[in-house]
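These are the residues of each chain, in order.
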Amino acid sequence: MLTAYTKELDDIEAACNEIIERLDASHVIKKNRVGLITCDSEFVDAGIVEALCKRLDFDTIGITTRGTAVNGQSGFDLLSIAALASDDIRFSAVMSDPITPDDIDAPIEAAYRKGVSKYENEKPSLILAYPPMLLERKVSVGQLVAPLKRLNGDDIPVFGTLSNDQTPQLSTCKTIYNGEAFPDTFGMVFFFGEVHPQFFTQSISLQNIQKQYAVVTDAECFIVKTVNDMPFSHYLQRLGFAPRNFEALYMLPFIINFKNSGANSTITCSVYSITKEGYAAFGEEIPVGATIALGKLDANDVLNTTRETVTRIADLQAQGKASCALIYSCLTRNIILGSNYFAELNIVSDALDGVMPFQCCYSGGEICPAPDASGKSASYIHNFTFIACVLT
């Protein structure tokens, strides 16, 4: 992984030159390459992303984001690129056609088939997924990732993040493909060859999770209808939430344990809305038998869980078991930090800068495999979570 960045917004040529010079400084020449871009949406509007990608001789996929950390720099007003290069691993980067509420599956399925068809006799070993943020169009992250999971199964790990931005309404989110930026398309990078990623997820410390779990007794796909045989809205009221506060539920972390439904994975999810029937709409499919508990995430827990994870990653590198890392953290974690908004990015930089190549950015929804007790894993949609994909 080669990383580069620029903070130059006023001079397109100077911004592109800064990126190119940083990438060329390593003099690494490999047969296969692909670039991952993260940036503030202003770099798209200024034409810098488009101009940069025209000067690169490899495909790029990316997202707009709230903030980024990369080797040598971190901040909110940043464009970064992580260029993955290999003689053995091959890459296939694709972007879907626009996605609408009436046409979700077909564009994603077509992009998936295009991505895997580049090397027809091989299955990909890893997929990086970058869905768009379409909440204003009432399209949930679960609906976007479901076609990919259905086509892919659990054999191939999927890791990625939704686009996001710095606006309160998330109104300028874009996904990026070879310099073009779109509000409603799904980007993917397929890896072919011997890739053995290691995944990390960390959200909330055990002491900040309620000890009393409720059991999901009726559910359909992303909708949890009842827990403990009562409508989800009644469960919320028993927790002390008045109906007038239901609109702010997306800021509350719910801990989902799949143990009683056939797996041992535990994830943290948001409730996106409460239906008129009193049911909860989650971003991930939650089966009957799973258990739910309310969690609490505060600034100290954000920093402690981040520090714990990046320390583990640095330890892996010291053992020769890690060569680079892609890291995404839920944008809600940044909001929780308040005026100390650089603190999490700084922890990542302090632990990994000068140790190994990395790219970290804030996420509109985290996609990462989580293991069960047998060591098998499935790719889940997370919220409030710090995730990492470490490549060796």
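Residues numbered from 1 in each chain as written. Predicted model: local features only at pLDDT ≥ 70, side-chain atom pairs only at ≥ 80, totals over all residues. Heavy atoms only, no water.

Novice: Give a description of helix H7 (residues 299–318) that names residues and reports values.
Specialist: Helix length check: H7 (20 residues) gives 29 Å between terminal C-alpha atoms against 28 Å at 1.5 Å per residue, within 8%. Buried within H7 are the following residues: Asp301, Val302, Leu303, Thr305, Thr306, Thr309, Val310, Ile313, Ala314 and Leu316. Summarising the contacts, the buried residues of H7 are in contact with strand S13 (198–202), strand S22 (324–330), helix H8 (331–336), helix H9 (343–352) and strand S26 (386–391). (Helix = DSSP H or I, 4+ residues; strand = E, 2+ residues; numbered from the N terminus. Expected span 1.5 Å × (residues − 1). Buried < 20%, exposed > 50% of the residue type's maximum accessible area, 1.4 Å probe, protein only. Contact = heavy atoms within 4.5 Å.)

Novice: Can you tell me about the sheet that holds strand S23 (residues 358–363), naming the residues and giving the values?
Specialist: An order of S5-S4-S23-S22-S26-S13 is seen for the six strands of this open sheet, with the pairing classed as mixed. A strand with exactly one partner marks an edge of an open sheet, and here the two such strands are strand S5 (73–75) and S13. Averaged over all neighbouring strand pairs, the angle between strand axes comes to 10°, with direction disregarded. Of the strand pairs in this sheet, strand S4 (residues 68–70) and S23 are connected by three bridges, and their pairing is antiparallel. (Pairing = 2+ DSSP bridges. Axes fitted to C-alpha atoms, helices over the stretch in contact; angles between N-to-C directions.)

Novice: Quick rundown of the packing of helix H1 (residues 12–24) against helix H3 (residues 48–55)? Include the residues and the values.
Specialist: Direction vectors running N to C along H1 and H3 enclose 45°, while the axes themselves pass 9 Å from each other. When the interaxial angle is binned, H1 and H3 end up oblique. Seen from above, H1 lies across H3 with right-handed handedness. Here Ile12, Glu13, Ala15, Cys16, Asn17, Ile19 and Ile20 of H1 come into contact with H3, specifically with Ile48, Ala51, Leu52 and Arg55. Across the contact of H1 with H3, the residue classes tally to eight nonpolar, one polar and two charged. (Parallel < 35°, antiparallel > 145°, perpendicular 65-115°, else oblique. Left-handed = near helix turned anticlockwise from the far one by under 90°. Nonpolar A, V, L, I, M, F, W, Y, C, P; charged D, E, K, R; others polar.)

Novice: Give a detailed account of the sheet that holds strand S10 (residues 175–177), specifying residues and quantitative values.
Specialist: Strands sit in the order S1-S6-S2-S3-S10-S11 across an open sheet of six strands; the sheet is mixed. If you trace the sheet from one side to the other, it starts and ends with strand S1 (2–6) and strand S11 (180–182), each paired once. Averaged over all neighbouring strand pairs, the angle between strand axes comes to 20°, with direction disregarded. Examined bridge by bridge, S10 and S11 share three bridges and lie antiparallel to one another.

Novice: Can you tell me about the pairing of strand S25 (residues 377–382), naming the residues and giving the values?
Specialist: Of all six residues that make up S25, five are buried, and the element is covered over most of its length. Alignment of strand S24 (residues 366–371) against S25, held across six bridges, turns out to be antiparallel. Bridge pairing links Cys368 to Tyr380 in S25.

Novice: Go over a nonpolar patch on the surface, please, and point to the residues and values.
Specialist: Side chains of Tyr250, Met251 and Ile335 sit close together on the surface and give an oily, nonpolar patch of about 270 Å² of accessible area. The topology assignment puts Met251 in the loop between helix H6 (232–238) and strand S17 (254–257). (Patch = residues over 30% accessible without salt bridge, like charges linked within 9 Å, V, L, I, M, F, W, Y side chains within 5 Å. Areas by Shrake-Rupley, 256 points an atom, 1.4 Å probe, with all protein chains shown as cover. Salt bridge = Lys/Arg side-chain N within 4 Å of Asp/Glu carboxyl O.)

Novice: Break down the nonpolar core for me, with residues and values.
Specialist: Ile313, Ile327, Val348, Leu352, Phe358 and Cys360 are the most contacted members of the largest nonpolar core, which totals 33 residues. Those residues in contact with Phe358, other than ones at most four positions away along the chain, are Met1, Thr3, Ala69, Val70, Asn71, Ala325, Val348, Ser349, Leu352 and Asp353. With 28 residues, the next largest nonpolar core counts Val216, Phe232, Ile256 and Phe282 among its residues. (Core = buried A, V, L, I, M, F, W, Y, C linked by side-chain atoms within 4.5 Å.)

Novice: A description of the pattern of salt bridges should follow, citing residues and the corresponding values.
Specialist: Under the criterion given, the structure shown has 11 salt bridges. In this structure, Asp57 and Arg33 form a salt bridge, with 2.8 Å as the shortest nitrogen-oxygen distance. In this pair, Asp57 is assigned in the loop between H3 and strand S3 (60–64) and Arg33 in strand S2 (residues 32–39), connecting sequence segments 24 residues apart. The exposure class of Arg33 is partly exposed, given its relative accessible area of 33%. Its salt-bridge partner being Asp105, residue Arg150 comes within 3.2 Å of it at the nearest N-O pair. Remark: Asp105 occurs in helix H4 (residues 105–116) and Arg150 occurs in helix H5 (residues 141–152); sequence separation between them is 45 residues. Among the residues examined, Asp105 registers a relative accessible area of 33% and is labelled partly exposed. Beyond isolated ion pairs, a larger network of salt bridges with shared partners links Asp105, Glu109 and Arg150.

Novice: Quick one: what's the story with the packing of H4 against H5, residue by residue and with numbers?
Specialist: Here H4 crosses H5 at 40°, and the two axes come no closer than 9 Å. Classed by the angle they form, the pair H4 and H5 counts as oblique. Along this stretch, H4 crosses H5, giving a crossing that reads as right-handed. Where H4 abuts H5, its residues Asp105, Ile108, Glu109, Tyr112 and Arg113 lie against Gln143, Leu144, Pro147, Leu148, Arg150, Leu151 and Asn152. Tallied by class, residues from the contact of H4 with H5 come to six nonpolar, two polar and four charged.

Novice: Please give an account of the packing of aromatic side chains that cites residues and values.
Specialist: Summed over the entire model, instances satisfying the criterion amount to 14 aromatic pairs. An angle of 25° between the planes, with centres 5.3 Å apart, marks the rings of Phe159 and Tyr328 as stacked. Placement of the pair is Phe159 in strand S9 (residues 158–161) and Tyr328 in strand S22, with a sequence separation of 169 residues. Given the relative accessible area of 0%, Phe159 is considered buried. Since its relative accessible area comes to 2%, Tyr328 is described here as buried. Taking the centre distance of 5.1 Å and the plane angle of 25° together, the rings of Phe258 and Tyr380 count as stacked. Residue Phe258 is located in the loop between S17 and strand S18 (266–269), and its partner Tyr380 is located in strand S25; the two are separated by 122 residues in the primary sequence. Each of the two residues, Phe258 as well as Tyr380, counts as buried. Of the aromatic side chains, those joined through ring pairs into one cluster are Tyr130, Phe159, Phe199 and Tyr328. Between Arg22 and the ring centre of Tyr5, over which it is positioned, the NZ or CZ distance is 4.0 Å. Arg90 extends its terminal NZ or CZ atom over the ring of Tyr119, reaching a point 5.1 Å from the ring centre. (Phe/Tyr/Trp six-rings, centres within 6.5 Å; stacked < 30°, edge-to-face > 60°. Lys NZ or Arg CZ within 6 Å of the ring centre and 35° of its normal.)

Just distances and angles here, no functional claims.
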